[in-house]
Every structure is written in structure tokens, then in C-alpha cells.
Amino acid sequence: MTQIDTKLIHAGEPEPRIEGAVAMPIFQSTLYEGGPTTSYHDIQYIRLNNTPNHLVLHAKLAALENAEAALVTASGMAAISTSLLTVLSAGDHLLAHSSLYGGTHDVITHDLPAYGISCTFIDADKPETWAEHLRETTRAIYVETMTNPLLEVLDLVAVARFAREHGLVSLIDNTFASPVNFRPAEHGYDLSLHSCTKYLNGHSDIVAGAVIGRADLVEKVRHKVNHLGGSLDPNTCFLLHRGMKTLALRVRHQNESALRLATFLSTAPGITQVNYPGLPSHPRHERARELFDGFGGVVSFELDGGEDAAARFIERTHIPRKTVSLGGVESLITRPALSSHSGISAEDRKKIGLSDSLVRYAVGIEAVDDILEDLDRALRG
Ligand SMILES: *Cc1c(COP(=O)(O)O)cnc(C)c1O
């Protein structure tokens, strides 16, 4: 089978190349003339996500995850909300892991109830507890490849199996792993969702999303995107396409750097806890080794001295930019309690094991020795 590095460059590209252009040109055209026999349903129109810039990405993304089909969307949230609204309708019930990306959690708890869709939050690491939450109306189960910011690795194989056994659609947000580290279709997932804003584009300069998976479901999501309007602009398609070509190089570098960083922190004075699936001390390290080709670029950790120590440490670092997000070429550092998880009450944060002093480091592609030196200096004060 062709390896992912080769697919990133060649899969889905037009053959022969358009006007011989080696790089895919931008088709900045809203409308396309069909031939006299083109049916209305085959018309190419920018919102229908079916211009040449879209089609290249669809074929490439499907190939990357060894899936049947793919679709790009205007953002990761467009991919997630449109997929949920495709597989669920009024009266339906969803099972979802209790700790989710903030935006997804908000859609499920604030928006879906208004459409008559309910959800029960489960612990996706405890398969024996899931069946009791099943209802006649349960249609889908939703998880993330690695939880943010604690980097838990749930029982992902059992989730896909449970979905198959009970006729549910399985959805997984694969943003944190990227197709380089994990390919959900290989484990029986129906739909894999991405914020391409992160690793897939990799340059912190666009917003985009993707839905990858079973052809019949992707086709349904495609219709819903056409109706709801979350399609991706061709200019942004071009940038995403360009960014994706170096995905494997970037993610492997980030895997290696994050492992070095986590290993360094795990013996550094003043650090009391390090969360990274690549460390042998991670409670699900064995599972992560079996499932993933790499452990990702995000590490979270606790400093002795609580919130003040964490704030001082962050201020003393020079390399990482002090903000949210992940997956770009530049390293980023943040305290999730003040950023991504600030909307959750202090009590609920405690329940999911997220302390107010937790620091999250999303590693970029800078030289790892420089990153470690910077951290070392910041820890010494
Ligand atoms: C960023 C992110 C999203 C949302 O993606 P946008 O592109 O910002 O809409 C969803 N899930 C995860 C895991 C993310 O990190």
C-alpha cells in the first residue's frame, strides 16, 4: 500500500495535470458551465463544494485515512455540527464521551436540545457502563482520539465495536492525532472529523474542517452542508492543500519533539505530573502504542506551586506563543482553565481532573533542543 507521505503529495491530484500545472491552481470561479447534457444535479457551483479545488481535497483526504470518501467544510465546527445534524433528528439520542472539545460540548448541550436531540455523557474508557444508557432512540456515539487537555486515550476499539453491535453511527474527532498518527476507518469508525485549522493545514493561517468516512454517510453530510452553507472557499482549499503536503514531515517532527519534551519534564524539578500518551507512565500507554503511529504534539503538565508558579513559568518562556490552539509550525503554551475550559465551572473542571494550574504545550517544528533549553531556563526562574 502506498505510504501516507506519498499520498499527501500525489493522491487525488488531477491526471493529467491541468495545463501541465504541477501545483493545483486556484479556481476562483463561483459558476461553471456544464455541457448541453449536464443535469441540474451535476452542476458545479461554489457552495456545493464541488469545484476542482474541493474535489482534489476530497480524494486526498479519503486516501489519507484509507476511507471511502471525504468532504471539506468551512471549519472544524462546521464538520462537527453538520455531521451531528445529519445523523441525528428530532427525538434521537446520542452517547458522547464526557470530556469533549468546548465547541462540540456546547453544540451538544446548548443547540441540539432545541432540535429535540438529547445526549447522555458516558465514560468512554468504561465499556461495561455503556449499554445501560442505550435507548430505543439512540442513534450515534461520539468520542475524540485523545482528550484535551489531559490526553486520555479512551477505549476506541470498543467504541467502534459497540456502535456496530447496536446499529449506532460512530463518530470520532481525529484532530489531535491527524491521519498520520491514527486512521479511524481502519478501526471501524463510520465518520472521522477534523479541524483542518490545526495539523492538516499546519500554518495557523486558515480555518477549515473535514468529514472523512463511509461513502453513504459522507454523501448525506454533503447534502446537509449544501443546505446549511458551511462550504469551504476555493482560496482556502488551495492553502489547505498546500499545507497538507508537509503534514507527515511536520507531525513526525512534532511527535518526536513532544516525546522529548514530555520525557524531559517528567524528571524536571518542580514538575509534579506530565500527561502524554507516549510516556510509559501514561495509564493507557500500551493502548496508545497499539493504536497510534505516533503520540501527537500536545503535552500537558502540573507545576509544584500551583497557579502562580504556572503563570510565572509561562511568562518566562520565550519560544512558545501564549495562546490557544495547536497543530501549527510555532509552539503554543496556554493554561486550559483560563482559555479552552474557562466556560466550564471550577467544580466541573475539578470533576474531570483539570486543575487551574495545568499547563498545555502544543509543540511546533522549532529545533527541539531550543525548546528544551527554553523550558529549562523558564523552570529555573
Ligand atoms: C479546534 C478544534 C475544533 C474546532 O475546529 P475549528 O476549525 O476551530 O472550527 C474541534 N475539535 C478539536 C479537537 C479542536 O482542537
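Source: prediction; values computed, not measured.

## Here's the deal with the overall build of the protein chain
Helix and strand counts for the protein chain come out as 13 helices and 11 strands. Relative to its length of 381 residues, the protein chain is compact, with a C-alpha radius of gyration of 21 Å against a globular reference of 21 Å. Considering only C-alpha atoms, the protein chain reaches an extent of 75 × 55 × 35 Å along its principal axes. When each of the 381 residues of the protein chain is scored for burial, the buried share is 52%. Long-range pairs, those at least 24 residues apart, make up 72% of the contacts in the protein chain between residues at least 6 apart in sequence. About 16500 Å² of surface is accessible on the protein chain, with carbon and sulfur atoms providing 52% of the total. Once the 34 positive and 46 negative side-chain charges of the protein chain are each reduced to a mean point, those two points are 1 Å apart.

## What about helix H13 (residues 368-380)?
Its 13 residues give H13 an end-to-end C-alpha distance of 18 Å, which sits within 8% of 18 Å, the value for a rise of 1.5 Å per residue. Within the sequence span of H13, burial applies to Val368, Ile371, Leu372, Asp374, Leu375 and Ala378. Buried residues along H13 cover an arc of 160 degrees about the axis, so they all sit on one side. Turned more than 90 degrees away from the buried face of H13 sit Glu373 and Arg380, all of them exposed. Directly beyond the C-terminal end of H13, a positive phi value near 80 degrees is found at glycine 381.

## What about the packing of helix H2 (residues 52-64) against helix H8 (residues 234-244)?
Viewed as axis vectors pointing N to C, H2 and H8 meet at an angle of 35 degrees, and their least axial separation amounts to 9 Å. For the pair H2 and H8, the sense of crossing is left-handed. Together, Asn53, His54, Val56, Leu57, Lys60, Leu61 and Leu64 of H2 and Pro234, Cys237, Leu240, His241 and Met244 of H8 make up the contact between the two elements. The class makeup of the residues in the contact of H2 with H8 is eight nonpolar, three polar and one charged.

## Notes on the packing of aromatic side chains
The final tally for this structure, using the stated rule, is four aromatic pairs. Between tyrosine 276 and phenylalanine 295, the ring centres sit 6.3 Å apart and the planes meet at 75 degrees, which makes this aromatic pair edge-to-face. Taken as a pair, tyrosine 276 in the loop between strand S8 (271-275) and helix H10 (285-291) and phenylalanine 295 in the loop between H10 and strand S9 (298-303) lie far apart in primary sequence, 19 residues in all. A relative accessible area of 0% means that tyrosine 276 is categorised as buried. By relative accessible area, which is 15% here, phenylalanine 295 ends up buried. An angle of 80 degrees between the planes, with centres 5.8 Å apart, marks the rings of phenylalanine 301 and phenylalanine 313 as edge-to-face. With phenylalanine 301 in strand S9 and phenylalanine 313 in helix H11 (residues 306-316), this pair connects stretches of sequence that are 12 residues apart. Taken individually, phenylalanine 301 and phenylalanine 313 each receive the classification buried, so the pair is uniform in this respect.

## Here we look at the nonpolar core
Most often, soluble globular proteins keep nonpolar side chains buried together rather than apart. Formed by 79 residues in total, the largest nonpolar core has its most connected members in Leu61, Leu156, Leu240, Leu261, Val299, Phe301 and Phe313. Looking at this core, the element that brings in the most residues is helix H9 (residues 247-267), giving seven residues. Residues lining this core come from more than one domain, with at least three contributed by each of domain 1 (4-244) and domain 2 (247-380). What leucine 156 contacts, discounting residues up to four positions off in sequence, is Val143, Glu144, Thr145, Ile172, Phe182, Tyr189, Leu291 and Phe292. By size, the runner-up hydrophobic cluster in this structure holds 25 residues, among which are Leu71, Leu100, Ile117 and Ala140.

## Quick notes on the site of the ligand
Around the ligand sit 14 residues in total, of which Met77, Asp173, Ser195, Thr197 and Lys198 are the nearest. Notes on the ligand: free accessible area 380 Å², of which the protein chains cover 90%. In terms of residue count, helix H3 (residues 76-87) provides more of the shell around the ligand than any other element does, three residues in total.

## Considerations on the domain arrangement of the protein chain
You can read the domains of the protein chain as domain 1 (4-244) and domain 2 (247-380). Distance from the C-alpha centre of domain 1 to the C-alpha centre of domain 2: 26 Å. Domain 1 puts 33 residues into the contact, and the matching count from domain 2 is 37 residues. Interface of domain 1 and domain 2: buried area, both sides summed, is about 3000 Å²; carbon and sulfur atoms make up 59% of it. Where domain 1 touches domain 2, the interface holds five salt bridges. The closest approach of N and O atoms between aspartate 125 and arginine 284, which form a salt bridge, is 2.7 Å.

What counts, and where the lines are drawn
Residues numbered from 1 in each chain as written. Predicted model: local features only at pLDDT ≥ 70, side-chain atom pairs only at ≥ 80, totals over all residues. Heavy atoms only, no water. Helix = DSSP H or I, 4+ residues; strand = E, 2+ residues; numbered from the N terminus. Rg over C-alpha atoms; globule rule 2.2 N^0.38 Å. Buried < 20%, exposed > 50% of the residue type's maximum accessible area, 1.4 Å probe, protein only. Contact = heavy atoms within 4.5 Å. Areas by Shrake-Rupley, 256 points an atom, 1.4 Å probe, with all protein chains shown as cover. Lys, Arg positive; Asp, Glu negative; His and termini not counted. Charge placed at Lys NZ, Arg CZ, Asp CG, Glu CD. Expected span 1.5 Å × (residues − 1). Arc of directions from axis to C-beta. Axes fitted to C-alpha atoms, helices over the stretch in contact; angles between N-to-C directions. Left-handed = near helix turned anticlockwise from the far one by under 90°. Nonpolar A, V, L, I, M, F, W, Y, C, P; charged D, E, K, R; others polar. Phe/Tyr/Trp six-rings, centres within 6.5 Å; stacked < 30°, edge-to-face > 60°. Core = buried A, V, L, I, M, F, W, Y, C linked by side-chain atoms within 4.5 Å. Domains from an automatic or database assignment. Near = heavy atom within 4 Å. Buried area = accessible area lost by both parts, 1.4 Å probe. Salt bridge = Lys/Arg side-chain N within 4 Å of Asp/Glu carboxyl O.

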